[in-house]
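Listed below, chain by chain, are the residues.
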Amino acid sequence: MKYISTRGQAPELTFEEAMLTGLARDGGLYLPAEIPVMSQDEIAALAGLPYEDIAFRVMWPYVSGSFAEDEFKQIIARAYEGFGHDARAPLKQLNENHFLLELFHGPTLAFKDFAMQLIGQLFQAALKRREERVTIVGATSGDTGSAAIEAFRGLDAVDVFILFPHGRVSEVQRRQMTTPADSNVHALAVDGDFDDCQAALKDMFNDFDFRDGVKLAGVNSINFARVLAQIVYYFSAAVSLGAPHRKVSFTVPTGNFGDIFAGYLAKRMGLPIDRLVVATNQNDILHRCLSGEGYFKGDTIPSISPSMDIQVSSNFERALYYAYGEDGGAVAQLMDELKNGGFNVSQGAMEALRESFDSGRVSEDETLATIKHTLTHSAELVCPHTAVGIKVAEEHRADTPMITLATAHPAKFPAAVEMASDEHPPLPSRMSDLYERPERVTRIANDLGILEDHIRRHIAE
Ligand SMILES: *Cc1c(COP(=O)(O)O)cnc(C)c1O
């Protein structure tokens, strides 16, 4: 499979090259040149298979040519062996026709483990073969950083540095980043906010001396390998509810549009998905856009579902690429307009988006009320992101079964959950000593020179 850029001006790459590169050289995001399609029989044959087997069948057409069949099977096996549930992504019934897809049984209790655990193994295998090392630097508001550290710790082909805003992540998130003892893991608490961390990371990628010197690589959600891993659970969930003979819909708590875009690809691959519903918190640029108001940036307002506090959803560019008929020039122009605040979506592209997507927005009060309501009526304690999804899903109920993605474990956001429900969500027993483990973290100034110098001095020879 070849990979092309959404902006049409970058060279075609293999899967492995696209994965190791991250961002395309024309500023665009990589996509497969063609979306592979599975027949109804092939989809029906997934029913009852272990998660790892479904993962292999769904992802293989995207990666063949870069990995051998057995090698890829072993990578998948290693990626998911540390999960705390045999089903990996179990489905739970919430009420009649509404289901929760639990994506929080990985090592850091959020859905990001599905992609990050796989990408860690893929990087290690590819770099070993090439006899190369890379330096992964990531910026995080919490979940991405902990998932990346957990995925790359102890792998000898990578050093991983995670920048997080000092004092602005939850205690569980911080401890997940600062307690791994592996020497290739470096948690950096930056004196600044998340935007500062992200800006510093972008500046490092634009500093070509530094970028080439340390062999900088990125694993944020624009990396296509991350989207790919997330396609799998749409298949496993739909098939367990009767697909391909029965349609299903999904509601997805959304920030950077990575998770729901994976659902869109599943649909294009032939999975009979009726609606894909985008659920946002008060940072609602996607809901406004899908309501026909254009794509215009606002200020990010902190919320109790912080992993969705995003005003520019990087993966939305991929959806726009298809909505604009795979016209890279049109996408490049929109992204230019975005630099000056935003753009209106053409009528044709709006119609294309509406063929697949619906949307809804949830206030802070509604999020708290939904946590309480879900506990009272369904005996499920859910995290605030999941509550945003449940609320929007209930507003979009139809005859088709609705599956809401439960994106994090409630214990990862105990303050909000307790405020809503008066229940303290306990950590799963496999990580109940998190609060006793020693922490290792470097507090560091929000200064590009100091950050780069620190990274240069701490990568292994
Ligand atoms: C990252 C994250 C999201 C948003 O996912 P996107 O792929 O960025 O849309 C939602 N919930 C939780 C718990 C997350 O960590």
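Residues numbered from 1 in each chain as written. Predicted model: local features only at pLDDT ≥ 70, side-chain atom pairs only at ≥ 80, totals over all residues. Heavy atoms only, no water.

This next bit is on the sheet that holds strand β8 (residues 216-217). Two modes of strand pairing occur in sheets, parallel and antiparallel, and in both the strands are linked by backbone hydrogen bonds. Strand order in the open sheet formed by five strands is β8-β5-β6-β7-β15, and the pairing between neighbours is parallel. Looking at strand neighbours, the two that pair on one side only are β8 and β15 (442-444), the edges of this open sheet. Bridging between strand β5 (residues 134-139) and strand β6 (residues 158-165) involves six bridges; their strand directions are parallel. Bridging across to β6, threonine 135 finds its partner in aspartate 159. Of the strands in this sheet, β5, β6 and β7 (185-190) touch helix α6 (residues 143-152), which is tilted by about 160 degrees from β6. (Pairing = 2+ DSSP bridges. Helix = DSSP H or I, 4+ residues; strand = E, 2+ residues; numbered from the N terminus. Contact = heavy atoms within 4.5 Å. Axes fitted to C-alpha atoms, helices over the stretch in contact; angles between N-to-C directions.)

This paragraph deals with helix α17 (residues 384-395). Its 12 residues give α17 an end-to-end C-alpha distance of 17 Å, which sits within 8% of 16 Å, the value for a rise of 1.5 Å per residue. Taking burial as the measure, the 12 residues of α17 include nine buried ones, the bulk of the element. (Expected span 1.5 Å × (residues − 1). Buried < 20%, exposed > 50% of the residue type's maximum accessible area, 1.4 Å probe, protein only.)

Per the counting criterion, the structure on display carries 26 salt bridges. Aspartate 159 serves as the salt-bridge partner of arginine 133, at 2.9 Å between the closest nitrogen and oxygen. Pair noted here: arginine 133 is in the loop between α5 (112-130) and β5 and aspartate 159 is in strand β6, with a separation of 26 residues, a long-range link. Note on arginine 133: relative accessible area 28%, which makes it partly exposed. Exposure remark for aspartate 159: the relative accessible area of 2% places this residue in the buried category. (Salt bridge = Lys/Arg side-chain N within 4 Å of Asp/Glu carboxyl O.)

On to the site of the ligand. Residues in contact with the ligand amount to 15 residues; listed here are only the nearest, Lys112, Asp143, Gly255, Asn256 and Thr407. The side chain of aspartate 143 places a nitrogen or oxygen atom 2.5 Å from an oxygen atom of the ligand. Between the ligand and aspartate 259 there is a distance of 2.9 Å, counted from an oxygen atom to a backbone nitrogen or oxygen. When the ligand is considered free in solution it has 390 Å² of accessible area, and contact with the protein chains removes 97% of it. Tallied by class, residues from the shell around the ligand come to five nonpolar, seven polar and three charged. (Near = heavy atom within 4 Å. Polar contact = N/O pair within 3.5 Å; in protein donor to acceptor, adjacent residues only side chain to side chain. Areas by Shrake-Rupley, 256 points an atom, 1.4 Å probe, with all protein chains shown as cover. Nonpolar A, V, L, I, M, F, W, Y, C, P; charged D, E, K, R; others polar.)

Right, let's get into the packing of helix α8 (residues 194-206) against helix α19 (residues 448-458). A packed helix pair is summarised by two numbers, namely the angle formed by the two axes and the spacing between the axes. Orientation of α8 relative to α19, taken along the N-to-C sense of each, is 70 degrees, at an axis distance of 10 Å. In terms of orientation, α8 lies roughly perpendicular with respect to α19. Crossing of α8 over α19 shows right-handed handedness. For the pair formed by α8 and α19, the contact residues are Ala200, Asp203 and Met204 on the first element and Leu448, Leu451, Glu452 and Ile455 on the second. For the contact of α8 with α19, a count of residues per class yields five nonpolar, no polar and two charged. (Parallel < 35°, antiparallel > 145°, perpendicular 65-115°, else oblique. Left-handed = near helix turned anticlockwise from the far one by under 90°.)

So, on to the packing of helix α12 (residues 285-293) against helix α15 (residues 347-356). Across the interface, α12 lies against α15 with an axial gap of 10 Å and an inter-helix angle of 120 degrees. Between α12 and α15, the angle is such that the two are oblique. Of the residues in α15, those in contact with Cys289, Leu290, Ser291 and Gly292 of α12 are Met350, Leu353 and Arg354. In the contact of α12 with α15, the residues fall into four nonpolar, two polar and one charged.

In this section: empty space enclosed by the protein. Counting across every chain of the model gives one cavity of 30 Å³ or more. Approximately 30 Å³ is the volume found for the largest cavity. When grouped by side-chain class, the residues that make up the lining of the largest cavity number four nonpolar, five polar and no charged. (1 Å grid on protein atoms, 1.4 Å probe; cavity = no way out; pocket = protein on both sides within 12 Å on 5 of 7 lines; lining within 4 Å. Points joined across faces, edges and corners; volume = space filled by probe spheres on them.)

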